[in-house]
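Tertiary structure, described
Below are the chains, spelled out letter by letter.
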Amino acid sequence: MSTPPRLSIILPTLNEAAIIEATLTHLQAAKAGGAEVLVVDGGSHDDTRSRATGLATRVIESAPGRARQMNAGARAARGRWLLFLHADTRLPPGAEHAIAAALAEGRDWGRFDVRLAGRHPLLPVIAFAMNRRSRWTGIATGDQALFMTREAFAAAGGFPEQPLMEDIEMSRRLKRISRPACLRTMVTTSGRRWEQGGVFRTMLLMWRLRWCYWRGASPDDLARAYRHVR
């Protein structure tokens with residue numbers, strides 16, 4: 001058997017045919033450098049799986065649900081380090097080296113700063129607030145490309161299989177193991193959620209959902225509210 005890679009990049013997907021080829025093409029340099037790229041599809045009804053085949057190291061099918069898909073990818077991954085990447089997020093050059101340096105300093109997990117791609121002039125302000133809040137609280141979002149050692153993932157029990165806020169809850173669990181490495185190197189993610197839903201409307205929605213979650217609201221109830229508003 002070949003030597004396991006240092007890094008496994010895990011992408012949960014659902015109906016991402018429009019963007020998955022571009023995302024995976026961007027990851028070819030990391031793949032050529034030895035990283036494993038796993039696409040975990042949750043039952044797409046479009047061409048996501050066929051377009052990903054040949055560009056990813058492997059394409060895996062899973063029950064739907066981002067948390068379930070990420071957990072399935074972690075079980076299948078061979079790498080010492082796990083990086084969970086949204087299909088609309090681009091890693092910066094040298095991401096693996098940045099992760100290696102952060103973990104070598106004694107941290108068990110971390111995330112990147114994020115830049116939001118789009119035309120709305122408030123997107124940089126939103127990204128700045130996300131990064132600053134994350135640095136203050138030690139809580140990361142999936143848009144920031146969470147990474148961790150395999151041991152930290154196991155100690156945290158994997159992602160909670162809930163329909164919303166799984167990244168927030170995973171951060172809480174990981175914080176019990178170590179503080180996060182908050183890398184100033186930026187990933188770039190799409191601002192389409194804010195532009196399509198309206199920047200102020202989406203900001204208020206996300207703040208309200210997060211506040212309700214901190215107050216103990218059920219993730220299932222929040223997910224229903226999120227789908228209704230969207």
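In the block above lies the structure referred to throughout.
**Concerning the nonpolar core**
Judged by nonpolar contacts, the single largest core of 35 residues is most densely connected at Ile9, Leu24, Leu83, Leu91, Phe112 and Phe147. With five residues, helix H5 (residues 95-104) is the largest single contributor of residues to this core. Excluding its chain neighbours within four sequence positions, the residues that come into contact with Phe147 are Leu82, Leu83, Ile99, Ala102, Leu103, Trp109, Gly110, Arg111, Phe112, Ala181 and Leu183. The next biggest cluster of nonpolar side chains, apart from the first, holds 21 residues, and it includes Ile10, Leu82, Leu146 and Met148.

**With respect to the sheet that holds strand S8 (residues 181-190)**
Adjacent strands of a sheet form backbone hydrogen bonds with each other and so pair up, either parallel or antiparallel. Spatially, eight strands are ordered S3-S2-S1-S4-S7-S6-S8-S5 in an open sheet, and the strand pairing comes out mixed. Either end of the sheet is taken by a strand with one partner, and the two such strands are strand S3 (58-61) and strand S5 (89-90). As judged from the three bridges shared by strand S4 (residues 81-84) and strand S7 (residues 147-149), these two strands associate in the antiparallel manner. Of the residues in S7, the one forming a bridge with Leu82 is Met148.

**Looking at the pattern of salt bridges**
Following the criterion strictly, the structure yields twelve salt bridges and no others. One salt bridge connects Arg49 with Asp41, and the closest N-O pair in it is separated by 2.8 Å. A residue is classified by how much of its surface remains accessible, and Arg49, at 27% relative accessible area, is partly exposed. With its nearest N and O atoms 3.1 Å apart, the salt bridge here joins Arg172 to Glu169. Linking Arg172 with Glu169, this pair stays in helix H8 (residues 166-175), spanning three residues, or about one helical turn. Here the salt bridges do not stand alone but share partners, grouping Glu16, Asp88 and Arg192 into one network.

**Here we look at the layout of surface pockets**
Taken as a whole, the second largest pocket spans an internal volume of roughly 280 Å³. Lining the second largest pocket are 15 residues, with Ala29, Ala30, Pro92, Gly94 and Ala95 sitting closest to its centre. Residue assignment for the lining of the second largest pocket shows that the elements contributing at least two residues are strand S1 (7-13), helix H2 (28-32) and H5. Among the elements that take part in the lining of the second largest pocket, H5 stands out by supplying three residues, more than any other.

Scoring rules and cut-offs
Residues numbered from 1 in each chain as written. Predicted model: local features only at pLDDT ≥ 70, side-chain atom pairs only at ≥ 80, totals over all residues. Heavy atoms only, no water. Core = buried A, V, L, I, M, F, W, Y, C linked by side-chain atoms within 4.5 Å. Buried < 20%, exposed > 50% of the residue type's maximum accessible area, 1.4 Å probe, protein only. Helix = DSSP H or I, 4+ residues; strand = E, 2+ residues; numbered from the N terminus. Contact = heavy atoms within 4.5 Å. Pairing = 2+ DSSP bridges. Salt bridge = Lys/Arg side-chain N within 4 Å of Asp/Glu carboxyl O. 1 Å grid on protein atoms, 1.4 Å probe; cavity = no way out; pocket = protein on both sides within 12 Å on 5 of 7 lines; lining within 4 Å. Points joined across faces, edges and corners; volume = space filled by probe spheres on them.

These results come straight from atomic positions and should not be treated as a statement about function.
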